[in-house]
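Residue strings, one per chain:
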2 protein chains.
Amino acid sequence: MLNGDMDQSPSTRDKLLTAARELFWTRGYSNVSLRDIAKSAGVDVALVSRYFGGKQGLFEATLAEIPTWEALVVDPDGVLAAAVASFAHPCDPGTDETNVFTMLLTNIIDPEMGGKIRCMVQRGLADPLARKLGGNRAEERAALLLAALFGMALMRKNFRLDALANKPQAETDAQIRHLAAAALEYGDV
Amino acid sequence: MLNGDMDQSPSTRDKLLTAARELFWTRGYSNVSLRDIAKSAGVDVALVSRYFGGKQGLFEATLAEIPTWEALVVDPDGVLAAAVASFAHPCDPGTDETNVFTMLLTNIIDPEMGGKIRCMVQRGLADPLARKLGGNRAEERAALLLAALFGMALMRKNFRLDALANKPQAETDAQIRHLAAAALEYGDV
DNA sequence: CAGAGTTGTCAACGACTGTTGACGCGTTCC
DNA sequence: GGAACGCGTCAACAGTCGTTGACAACTCTG
């Protein structure tokens, strides 16, 4: 009997996928072993190869879950507000840690997956964002905006600076908005 | 005969240290094996344990080389200019890749060294920077400045966005200065 | 010269990695 | 009933990892 779309108890495949996203996205591809994932999912290691063809296949399956990047780059007028919003509520509202920004940061360093992440950000994030922005120096403004967003994510989630981490949402929003607005104004005046 | 301070041909210890800095700082602690370093240095693997006590000791020896952090956080008036300068000419003017910012970015993710890096940045960079800045919201402005600097470093060196990478130095300086200035103005008016 | 101390070479260890194939169990289909 | 298939369990593989200790070659000291 095929599972259909009923959500009764998660299939083994889904258990693996959930555990893989949780671990890959927070610790990075090379820093997580298949046995870690299997143990977290309560499943045998060998099933990874069966369902996903291997470690790389499992990782790419977690990437396939990401909603279209265009969703992060919404209306051309409200890019700033959208950036702040997408930063706060990135993709999966589940665990606070498993969001797309964190995943990109954690895996860009990886010797095996860095190249893929790089392409994803350039072609799926920077380019469409520049297109939406339009006007003078669109590419540079888009790049600066991403620098501001990723920089803030880095300081909060990875470096965990006292001045930024664990602050009320409103304060964080104001900080991000301030830096992002400056990025978008680059080249004006 | 001890080597003294003569710089004739580098000792085995120095060969290891140089190769270790090159590799650890660009690829990250966990992504580099001692055999990689030994091969790059043209030296046997076992000598790492002899000279540095192990992998961790070798990594920490490369950190000990970093000049006082205070050098990155100079006079209180010219913090912005200093930040830009330290970003462009970070520490060791040797290889373009082996600078302190790149090293911090590459190793903050690491499961074993992340904690140490985090402490270094908080206590050695964010705190003294906030002290130098002074005034209202000093800690937050320092944190935003670091977010801007690290964000730019990330986009240029790791994500390698087309709009930022391989651009003339003057242009890069202007971009960094723009974003950093905005960070320092946070909370004003 | 004899001895001590330093320095480099080599083989091996236990632990961990991703991956594979054999095997047993249960359900489904003819 | 028997065959086919999906699904999970287990043991084992080849490879890499950091680390260790034995051994040889060398320099310096007495």
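Located above this text is the structure these notes cover.
Quick caveat, the model's predicted, so the values are computed rather than measured.

(A) Broad picture of the environment of Met120 of chain B. Summarising the element assignment, Met120 of chain B is placed in helix 7 (residues 114-133). Sequence separation of Met120 of chain B and Leu104 of chain B is 16 residues, and the distance between their C-alpha atoms is 9.1 Å.

(B) Highlighting the relation of the copies chain A and chain B. Placing chain A over chain B gives an RMSD of 0.1 Å and needs a rotation angle of 180 degrees, together with 0.0 Å of translation along the axis. In symmetry terms, the pair is related by a two-fold rotation axis. Of every C-alpha in chain A, the one belonging to Gly151 of chain A sits nearest the axis of rotation, 1.9 Å from it. Taken together, the interface assignments show that 100% of the residues at the interface of chain A recur at the interface of chain B, consistent with an identical surface on both copies.

(C) Layout of the interface of chain A and chain B. Taken together, the contacts link 42 residues of chain A with 42 residues of chain B. For the pair chain A and chain B, the two sides together bury roughly 3700 Å², of which 71% comes from carbon and sulfur. It is Ile109, Arg118 and Phe159 of chain A in chain A that bury the most area against chain B; as a group they hold 18% of the surface buried on that side. Summed over the shared surface of chain A and chain B, the number is zero salt bridges. Applying the counting rule to chain A against chain B returns eight residue pairs in polar contact (both at pLDDT 80 or more). Within the side of chain A that touches chain B, the residues separate by chemical class into 26 nonpolar, eight polar and eight charged.

(D) Molecular detail of the environment of Ala41 of chain B. Residues and elements named next belong to chain B. Looking at where Ala41 falls in the secondary structure, it is placed in helix 2 (residues 34-41). Of the residues examined, Ala41 reaches a relative accessible area of 10% and is grouped as buried. Counting along the chain gives 21 residues from Ala41 to Ala20, while the straight-line C-alpha distance between them is 8.4 Å.

(E) Fine view of the protein's contact with DNA strand D. Thr12, Arg50 and Tyr51 of chain A together with Arg35 and Lys55 of chain B are the nearest of the 17 residues found near DNA strand D. In DNA strand D, the atoms that sit within 4 Å of the protein are 44% sugar and phosphate, with bases accounting for the remainder. One nitrogen or oxygen atom from the side chain of Arg35 of chain A is found 3.5 Å from a base nitrogen belonging to DNA strand D. Breaking the surface near DNA strand D down by element, the ones donating at least two residues are helix 3 (46-52) of chain A together with helix 2 and helix 3 (46-52) of chain B. For the surface near DNA strand D, the element with the most residues is helix 3 of chain A, which contributes four residues. Tallied by class, the residues present in the surface near DNA strand D amount to eight nonpolar, four polar and five charged.

(F) Just helix 1 (residues 12-27) of chain A, in detail. All names here are of chain A. An ideal rise of 1.5 Å per residue puts 22 Å on 16 residues; helix 1 measures up with 22 Å between its terminal C-alpha atoms. Turning to helix 1, its buried residues are Leu16, Leu17, Ala19, Ala20, Arg21, Leu23, Phe24 and Trp25. Where the residues of helix 1 are buried, they touch helix 2 (34-41), helix 3, helix 4 (55-64) and helix 6 (100-108). Taken from the residues just after helix 1, Gly28 is the one with a positive phi, measuring 100 degrees.

(G) Summary view of the packing of aromatic side chains. Residue and element names in this part refer to chain A. All chains considered together, the criterion is met by 10 aromatic pairs over all chains. With centroids separated by 5.3 Å and ring planes inclined at 85 degrees, the aromatic side chains of Phe24 and Phe59 adopt a geometry described as edge-to-face. Of this pair, Phe24 sits in helix 1 while Phe59 sits in helix 4; the two residues are 35 residues apart in sequence, bridging distant segments of the chain. The residues Phe24 and Phe59 share a single accessibility class, namely buried. Through pairs of rings, three or more aromatic residues link up here, namely Phe24, Tyr29 and Phe59. Above the plane of the ring of Tyr29 lies Lys55, whose end atom (NZ or CZ) is 4.6 Å from the centre.

(H) Up close: the protein's contact with DNA strand C. Close to DNA strand C lie 16 residues; Leu34 and Lys55 of chain A together with Thr12, Arg50 and Tyr51 of chain B are nearest. Here the atoms of DNA strand C within 4 Å of the protein split so that 39% fall in sugar or phosphate, with bases taking the remainder. Take Leu34 of chain A: an N or O atom from its main chain is 2.9 Å from a phosphate oxygen of DNA strand C. In the model, a phosphate oxygen of DNA strand C is placed 2.8 Å from a nitrogen or oxygen of the Lys55 of chain A main chain. Elements represented by at least two residues in the surface near DNA strand C include exactly helix 2 and helix 3 of chain A together with helix 3 of chain B. If you tally residues by element for the surface near DNA strand C, the top one is helix 3 of chain B, at four residues. The residue inventory of the surface near DNA strand C, partitioned by class, reads seven nonpolar, four polar and five charged.

(I) How the structure looks around the nonpolar core. Membership of the largest hydrophobic core comes to 119 residues, with the highest contact counts inside it found for Ile37, Phe150 and Phe159 of chain A together with Phe150 and Phe159 of chain B. With near-sequence residues (within four places) excluded, Phe150 of chain A lies in contact with Phe101, Leu104, Leu105 and Leu125 of chain A together with Leu154, Met155 and Phe159 of chain B.

(J) Focus on the environment of Val100 of chain A. Along the chain, the position of Val100 of chain A falls in helix 6. Accessibility expressed as a relative area gives 2% for Val100 of chain A, which makes it buried.

(K) Representation of unusual backbone geometry. All names here are of chain A. In this model, Arg137 sits at a positive phi of 50 degrees, which is unusual for a non-glycine residue. If you trace the backbone, Arg137 turns up in the loop between helix 7 (114-133) and helix 8 (138-158). Using a relative accessible area of 41% as the deciding quantity, one classes Arg137 as partly exposed.

(L) Spotlight on the side chain of Thr62 of chain B. All names here are of chain B. The residue Thr62 is located in helix 4 (residues 55-64) in this model. For Thr62, a relative accessible area of 0% puts it in the buried group. Within the structure, Thr62 has its side chain in polar contact with the side chain of Trp25 (distance 3.3 Å). With residues up to four places along the chain from it excluded, the contact list for Thr62 reads Leu17, Ala20, Arg21, Phe24 and Trp25.

Reading guide: rules and limits
- Along each chain, residues carry numbers from 1 onward, in the same order as the chain's sequence is written.
- The lettering of chains begins at A and the numbering of ligands begins at 1, in the order of writing.
- It should be noted that, the model being predicted, local features are given only for residues of pLDDT at least 70 and side-chain atom pairs only at 80 or more, the latter also being counted only at that level, while totals for whole chains, interfaces and linings use all residues.
- The side-chain quantities take in all heavy atoms of the structure and omit both hydrogens and water.
- Helix numbering and strand numbering both begin at the N terminus, where a helix is a DSSP run of H or I of at least 4 residues and a strand a DSSP run of E of at least 2.
- A residue counts toward the fit only if its pLDDT is at least 70 in both copies, and the copies are then superposed by least squares on the C-alpha atoms of those residues.
- Only heavy atoms matter for contacts: two residues are in contact if any of them lie within 4.5 Å across the pair.
- Summed over both partners, the accessible area (1.4 Å probe) lost when two parts come together is defined as the buried area.
- When a carboxyl oxygen of Asp or Glu lies within 4 Å of a side-chain nitrogen of Lys or Arg, that pair is called a salt bridge.
- Any pair of nitrogen or oxygen atoms within 3.5 Å is treated as a polar contact; in protein, a donor-acceptor pairing is required on top of that, and neighbouring residues in sequence qualify only through side-chain atoms on both sides.
- Each residue receives one of three labels: charged for Asp, Glu, Lys and Arg, nonpolar for Ala, Val, Leu, Ile, Met, Phe, Trp, Tyr, Cys and Pro, and polar for the others, Gly being one of them.
- Three labels apply to residues, based on accessible area from a 1.4 Å probe with only protein chains included: buried if under 20% of the type maximum, exposed if over 50%, partly exposed otherwise in between.
- It suffices for a single heavy atom of a residue to lie within 4 Å of a molecule or strand for the residue to be listed as near it.
- Residue count minus one, scaled by 1.5 Å, sets the expected span of a helix.
- Here a pair means two rings of Phe, Tyr or Trp (six-membered ring of Trp) with centres within 6.5 Å. Their orientation is stacked below 30 degrees between planes, edge-to-face above 60, and tilted elsewhere.
- Placement of a charge over a ring requires the Lys NZ or Arg CZ to be within 6 Å of the ring centre, with the centre-to-atom vector within 35 degrees of the ring normal.
- To define a nonpolar core, start from buried Ala, Val, Leu, Ile, Met, Phe, Trp, Tyr and Cys residues and group those joined through side-chain atoms within 4.5 Å.

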